[in-house]
Amino acid sequence: MEHTEKLTTRSPQTPTPSRAQRRGARNHRWRRDTVELAAVFLSVTAADLVAKVVVHGPDGPVVLAASAVALVATALFHAWWSHRHQLHGPPVPDAPAPPGAAESAAAEPVKGPLDDFEETALWRIRTTVQDSPGSLARVCTAFAERRVNIVSMQSHPLPEGTVDEFFVRVPRSLTRADLTALVASAGGHDIWSAPADAHDLVDEPTHVLALATRTALDAAELPVALRQLFGQCTIRQYPGGAGRSAAGVDGHVLRLPVPSGDLIELSRPRLPFTPTEFARAKALVELDTLLGPRVPDVRARLTLPAGADLTVRRADAGDKEAALAMHHRCSPDTLRKRYHGPVRDADRYLDHLLDARHGQTLAVEAADGLIVALGHLMWDGDSAEVAVLVEDAWQRRGLGLDLMRRMSALALEAGVETVYAVTQSSNTGLISTMRRLAAPLDYQVEEGTLVITAHLAEAAEQLPAPWPTRPGRRGR
């Protein structure tokens, strides 16, 4: 049988009453009850006397009037006495607060007029400060004085100084110039700021792990991961280094070596890179190299009105022979419209196009295993180039539109909101395909070359999911 004890705790501010104090409290209660009982009997007797005088005596109305005057006079005297006692008497002590109430009141912030901002904005601010005690505290104090709330921050150590990066929520009345002046007054220099949104508030280690997972599943995700890690930047890959400078950080340029001998170069004109960012990028590149070529096995069925069953899938370097065979079945005019140059050079582009690290290639495969169409999505900075090649015998059946819609959906999935196609003004087939994306288009003509740019964000609802099922991804 369990024995349970009930413990009662007392506040340290409440003393325990003694036995004498408890006896005195009981005596005082009895005296008060006796006085109240006597007052009740006296009131009943007075009321009975007044009633008899009023009923049986000749002066009843006079007695009632005198009683009323006496009551009014008594009430006025009591009000005057209470008021005088309140003004000149000693202050009445406040009633003691219940235990814990004082701590709760102290913990509750006192609201002021500057705490109730009608609208706020989220900003990302990066500044370089001296690597000395108190430098970060001065910046935080300056933020607090202007009611700038620091949502998150991280530090990037440098050989000389430290780069502090803040995500802050500020009143909309503060402009970019105000924020820059505020940080500068606290000792910051090389200040950079830009508007941010809620997506930027993801924990940095979690963000890097998610990008590493995407890169591990698909080699084509490496450029996308680097761009999402550093924001808007230009990514170039140079075979064999192409005489570029050594790997490392050089201000606004970050260079990463690849074990194959190539060199990946990232440039970000408005914001210098830090050694911490170089280490993160290098880890992603080393992971990509360790895993080697990899393309997820994703497929979708495509049924044409004529009844032909086709398969749309990702293509890789193993499809080079089948892609070359399709080239040889295409007419020179079809190859010229696709590659914008001599037909004899078309085969040389396949090594680059089928390398997953440069983008994604989609292949349409017939029932007999022949590739009858190719779609290329090639990353280019914060945009992507799209191109389609359909074998002559399979043209005007909707293959080009299906590939274009899938590639646009893949671009949106990677965070790229604009794609462009480079062609000639005479290529009416590609122009018509781009128009059927239901996205706003920009046209630019330079020396006979037509560049059509599609803004995909406004057509996101019309674009299908690239694949019915996709490894490691949730369906859209």
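What counts and what doesn't
Residues numbered from 1 in each chain as written. Predicted model: local features only at pLDDT ≥ 70, side-chain atom pairs only at ≥ 80, totals over all residues. Heavy atoms only, no water. Buried < 20%, exposed > 50% of the residue type's maximum accessible area, 1.4 Å probe, protein only. Helix = DSSP H or I, 4+ residues; strand = E, 2+ residues; numbered from the N terminus. Pairing = 2+ DSSP bridges. Contact = heavy atoms within 4.5 Å. pLDDT = per-residue confidence, 0-100. Salt bridge = Lys/Arg side-chain N within 4 Å of Asp/Glu carboxyl O. Phe/Tyr/Trp six-rings, centres within 6.5 Å; stacked < 30°, edge-to-face > 60°. Lys NZ or Arg CZ within 6 Å of the ring centre and 35° of its normal. Core = buried A, V, L, I, M, F, W, Y, C linked by side-chain atoms within 4.5 Å.

Asker: So what's going on with the pairing of strand β11 (residues 359-365)? Residues and values would help.
Answerer: The side chains of a regular strand alternate between the sheet's two faces. The element β11 is extensively covered by neighbouring structure, given that seven of its seven residues are classed as buried. With five bridges connecting them, strand β10 (residues 309-315) and β11 associate as antiparallel partners. Within the sheet, the bridge partner assigned to V312 lies in β11 and is V364. Bridge count between β11 and strand β12 (residues 371-380): seven bridges; the pairing is antiparallel. Residue pairing for β12: A363 is matched across the bridge by L374. Linking β11 back to β12 in an antiparallel pair, the connection comprises five residues, with G369 at a positive phi of about 90 degrees.

Asker: Lay out the environment of I150 with the relevant residues and their values.
Answerer: In this structure, I150 sits in strand β2 (residues 149-157). Sequence-wise, I150 and W123 are 27 residues apart; in three dimensions their C-alpha atoms are separated by 9.8 Å. With residues up to four places along the chain from it excluded, the contact list for I150 reads C140, F143, F166, F167 and V168.

Asker: Got a sec to walk through unusual backbone geometry? Specific residues and values, please.
Answerer: With a phi close to 60 degrees, R147 is a non-glycine residue in the positive phi region. With respect to the helices and strands, the residue R147 is situated in the loop between α4 (135-145) and β2. The partly exposed category is assigned to R147, whose relative accessible area is 35%. Although it is not a glycine, A438 adopts a positive phi angle of roughly 60 degrees. With respect to the element layout, A438 can be found in the loop between α13 (428-435) and β15 (441-446).

Asker: Please provide a residue-by-residue account of the confidence of the model for the chain, values included.
Answerer: It should be kept in mind that the predicted coordinates are not to be read in detail where pLDDT is low. Confidence in the prediction of the chain, expressed as mean pLDDT, is 76, and 70% of residues score 70 or more. Confidence drops under a pLDDT of 50 for residues 1-16, and excluding neighbours within four residues, the segment shows two contacts in the predicted structure. Considering only residues more than four positions removed or in separate chains, one finds that residues 100-114, a stretch of pLDDT under 50, has three contacts.

Asker: Could you give an account of the pattern of salt bridges, with specific residues and numbers?
Answerer: All chains considered together, the criterion is met by 13 salt bridges. Taking the shortest distance from any N to any O, the salt bridge between R126 and E277 comes out at 3.2 Å. Taken together, the positions of R126 in strand β1 (residues 120-129) and E277 in helix α8 (residues 275-291) put the pair 151 residues apart, joining distant regions of the chain. The same class applies to R126 and to E277, which are both buried. When the shortest N-O distance is used, the salt bridge between R329 and E391 registers 3.0 Å. Of the two residues, R329 is situated in helix α9 (residues 320-329) and E391 in the loop between β13 (383-390) and α12 (399-413); the sequence distance between them amounts to 62 residues. Classification of E391 as buried rests on a relative accessible area of 8%. In this structure, a network of salt bridges that share partners links the residues R124, R126, E165, R268 and E277.

Asker: Outline the packing of aromatic side chains, supporting the account with residue identities and numerical values.
Answerer: Each aromatic ring pair is summarised here by two numbers: the centre-to-centre distance and the angle between the ring planes. As enumerated under the stated definition, the model contains two aromatic pairs in all. Arranged with centres 5.4 Å apart and planes meeting at 80 degrees, the rings of F143 and F166 form a pair that is edge-to-face. With a gap of 23 residues between them, F143 in helix α4 and F166 in strand β3 (residues 162-171) connect regions that are remote in the sequence. Aromatic side chains Y339 and Y349 sit 5.4 Å apart centroid to centroid with 25 degrees between the ring planes, which places their arrangement in the stacked category. One end of the pair, Y339, is in helix α10 (residues 332-339); the other, Y349, is in the loop between α10 and α11 (350-353), and ten residues separate them in sequence. A cation over an aromatic ring shows up here: R268 above the ring of F273, its NZ or CZ 4.2 Å from the ring centre. Between the NZ or CZ atom of R397 and the centre of the ring of W394, over which it lies, the distance is 4.6 Å.

Asker: Account for the nonpolar core, with residues named and values stated.
Answerer: Core analysis: the largest hydrophobic core is formed by 43 residues, its most contacted members being V364, L377, L399, M404, M434 and A454. With near-sequence residues (within four places) excluded, M434 lies in contact with M404, A421, L441, I452 and A454. Membership of the second largest hydrophobic core comes to 19 residues, among which are I235, V258, F273 and F278.

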